[in-house]
Amino acid sequence: MDTTKNLEEIFQSKIDHEIKIEPKDWMPDAYRKTLIRQISQHAHSEIVGMLPEGNWITRTPSLRRKVALLAKIQDEAGHGLYLYSAAETLGITRDQLLDELHTGKAKYSSIFNYPALTWADMGSVGWLVDGAAIMNQVMLCRTSYGPYARAMVRICKEESFHHRQGFEILLTLSQGTEAQKKMCQESINRWWKPALMMFGPPDEQSSNTEMSMKWKIKRETNDELRQRFVDVAAEQVKFLNMTLPDVVWNESTGHYDFGALDWDHFWNVVKGNGPCNKQRLDARIKAHENGAWVREAALAFAEKQKIRQQSQVKTA
Amino acid sequence: MTFYDYIIRLADNNLILGHRLSEWCGHGPFLEQDMAMTNISLDLIGQSRSMYALAAEINSKGESEDDIAFLRLEHEYQNLLLVEQPNGDFAHTVLRQLFFASFQLPLYQAMLQKLQGMTEEHFVTLRGILEKAVMEVTYHKRWSSEWVIRLGDGTAESHSRMVTAVNELYRYYGEAFISDAVDDAAVSEGYGVRPEELKAEADQYIDDIFRQANLNIPVDTYMQRGGKQGVHSEYMGYLLSELQYMQRAYPNASW
Ligand SMILES: [Fe+2]
Ligand SMILES: [Fe+2]
């Protein structure tokens, strides 16, 4: 009997019966690789995602907003931690993962290569970027790999809080002065289409979707998720008395049309030509390199402590 | 007005140090410590908010916590020079925190003792703020102590960075313990603490941590002063330009 084939059958039958795959279970190499790629990409997105909003911490317009923004960004750091841990269960270390980020081998969500230019962007990022992330992530709470699914359950709770917090920032602006309203609309205009592209390329161009669906790593296609997001946002924007660029109700489909997306530009951003790719990566590399002596010192000190304790035990 | 001034000073220290720590967010030496610094920043800014809100309330001029936090002129901020010093490297940051927490914790504890039994509403409110803050600052003190020891007794590089930090920051350690007219008035009103009385405990604590960290107190111990009276370092104006940017650019808006 072909054992690999047998293992594969057991594996697929677990998936088909909604039984979670756990770190010690047999899994196809490609499944492991796909997961490492996806989880690490997700973890890196959380960490790089701290930067655009981090840009506004020292300039928040009120103390209440400052505390909320700091707490939000700290949540993202926490998400990064859970996800790096989930990836580590697949046999890769955080150091390796960070190395792949810093050398450009691993990707992160391209949305964070756009600049956060105004205070309103803190609202748009929460509402649209965290909002789009939730659409993807809710489905990942049921993903087939156990540690990933469990990390996502915790993350999703916090993301929906971020989503509401972002919307509330915009709501306040939308009820404010003329300058605030202008800032609000301008920001929505700038983030809307990049947020739609967070769902990934159209299904007919997406190379990873089919296998990911079969393995229940992904459970809905890019286009399905994108349309759902558009339909929800188009209703929410009415509460702001703002508009979404190029979004129109389509009576015949029962959905909102959202116009053409510039996939050429998207692929350019992915390849490194977004407005902030260089700054984001440089900032991460700089923090990592500037922190090297701290990490080394912590290790050296822990080592010394261990030796001291051992010699104490011996002399006792 | 003494109570108002006294509270504002406490709050300004918290806000400005919280602001400095918040600059690390997203740029820490590793994720866990990025989060730890953000935590401390959140604690301190949280404390400042409660104190500004209390100050606004007793002043009853219709100001808000944000008016006080964002709309004063530089010389009206009364924080210590220590807390406005730039982050420098991680060694500077943890040492600055150690110096500040070694002052703040005994101060809060001594104030809590004085406030015991005082029944006026604003004293009761302040006591509540300080009781929560004591738990937070206890953690800040432990966190910074552990890091000073770890870095001082870590590698040759971390030791030499700690020595540099000590040489640059020690001159800002002492201002906290020099009293002025506001302190004197607050002492006579019953809730204030003479900072000189806190110095022996703080010195001894720093001594002990430095010994474990293989660090020495510098020979030249002249202490810079002025922040408490609103005479700041050149860094302060830049810090305030960022802090106040939105409130200055969009006056009278709600956020
Ligand atoms: Fe997140
Ligand atoms: Fe988020």
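Residue indices follow the written sequence of each chain, beginning from 1 at its first position. Working convention: letters from A go to chains and numbers from 1 go to ligands, in the order in which they are written. Local features are withheld for residues below a pLDDT of 70 in this predicted model, meaning they are given only at 70 or higher, and side-chain atom pairs are given and counted only at 80 or more; totals for whole chains, interfaces and linings count all residues. Side-chain figures throughout are based on the complete set of non-hydrogen atoms in the structure, without hydrogens or water.

1. Some details on the overall build of chain A
Here's step 1: Numbering of helices and strands starts at the N terminus; helices are DSSP runs of H or I of at least 4 residues and strands are runs of E of at least 2. Each helix and strand counted, chain A has 13 helices and two strands in total.
Here's step 2: In terms of overall dimensions, chain A has a C-alpha envelope of 75 × 55 × 30 Å along the principal axes.
Here's step 3: Buried, partly exposed and exposed residues are distinguished by accessible area as a fraction of the type maximum, computed with a 1.4 Å probe on protein chains only: under 20%, between the cut-offs, and over 50%, respectively. In chain A, buried positions account for 55% of the 316 residues.
Here's step 4: At a minimum sequence separation of 6, the contacts of chain A that also span at least 24 residues come to 76%.
Here's step 5: Every accessible area reported is derived by Shrake-Rupley at a probe size of 1.4 Å, with residue values counting cover from the shown protein chains alone. A total of about 14700 Å² of accessible surface is found on chain A, and carbon and sulfur atoms cover 55% of it.
Here's step 6: We treat Lys and Arg as the positive residues and Asp and Glu as the negative residues; His and chain ends play no part in the count. For the purpose of locating charges, the reference atoms are NZ of Lys, CZ of Arg, CG of Asp and CD of Glu. Across chain A, the centroid of the 41 positively charged side chains sits 7 Å from that of the 40 negatively charged ones. It only takes one pair of heavy atoms within 4.5 Å for two residues to be counted as in contact.

2. Brief notes about the nonpolar core
Here's step 1: By size, the foremost hydrophobic cluster in this structure holds 182 residues, and its most contacted members are A:Tyr31, A:Trp119, A:Trp127, B:Phe90, B:Leu95 and B:Leu151.
Here's step 2: Examining the composition of this core, we find that 15 residues originate from one element, helix α5 (residues 90–115) of chain B, more than from any other.
Here's step 3: Excluding residues within four positions of it along the chain, A:Trp119 makes contact with A:Trp56, A:Thr60, A:Pro61, A:Arg65, A:Leu69, A:Ile169, A:Leu173, A:Met183, B:Met246 and B:Trp255. In this description, a nonpolar core means a group of buried Ala, Val, Leu, Ile, Met, Phe, Trp, Tyr and Cys residues linked to one another through side-chain atoms lying within 4.5 Å.

3. Examining the packing of aromatic side chains
Here's step 1: Here a pair means two rings of Phe, Tyr or Trp (six-membered ring of Trp) with centres within 6.5 Å. Their orientation is stacked below 30 degrees between planes, edge-to-face above 60, and tilted elsewhere. Evaluation of the coordinates by the stated rule reveals 26 aromatic pairs over all chains.
Here's step 2: Seen from their ring centres, B:Phe3 and B:Tyr191 are 5.1 Å apart, and the 85 degrees between their planes marks the pair as edge-to-face. Of this pair, B:Phe3 sits in helix α1 (residues 2–22) while B:Tyr191 sits in the loop between α8 (181–188) and α9 (196–212), and the two are 188 residues apart along the sequence. Across the pair, B:Tyr191 and B:Phe3 agree in class, each one buried.
Here's step 3: An angle of 75 degrees between the planes, with centres 5.7 Å apart, marks the rings of B:Tyr250 and B:Trp255 as edge-to-face.
Here's step 4: The exposure class of B:Trp255 is buried, given its relative accessible area of 10%.
Here's step 5: In this structure, A:Arg59 packs its charged tip against the face of A:Trp56, placed 3.8 Å from the ring centre. Either the NZ atom of lysine or the CZ atom of arginine qualifies as a charge over a ring when it sits within 6 Å of the ring centre and within 35 degrees of the ring normal.

4. Describing the layout of surface pockets
Residues and elements named next belong to chain A.
Here's step 1: Detection works on a 1 Å grid of protein atoms alone, calling trapped sets that fit a 1.4 Å probe cavities and calling open sets with protein on both sides within 12 Å along at least five of seven lines pockets, with lining residues defined by an atom within 4 Å of a point. Grid points are joined across faces, edges and corners, and a volume is the space filled by probe spheres set on the points. Considered as a void within the structure, the second largest pocket measures approximately 550 Å³ in volume.
Here's step 2: Counting only elements with at least two residues in the lining of the second largest pocket, the list comes to α3 (50–54), α12 (277–290) and α13 (292–315).
Here's step 3: At six residues, the largest contribution of residues to the lining of the second largest pocket is made by α12.
Here's step 4: Within the lining of the second largest pocket, the residues separate by chemical class into ten nonpolar, eleven polar and six charged. Each residue gets one label: Ala, Val, Leu, Ile, Met, Phe, Trp, Tyr, Cys and Pro are nonpolar, Asp, Glu, Lys and Arg are charged, and the others, such as Gly, are polar.

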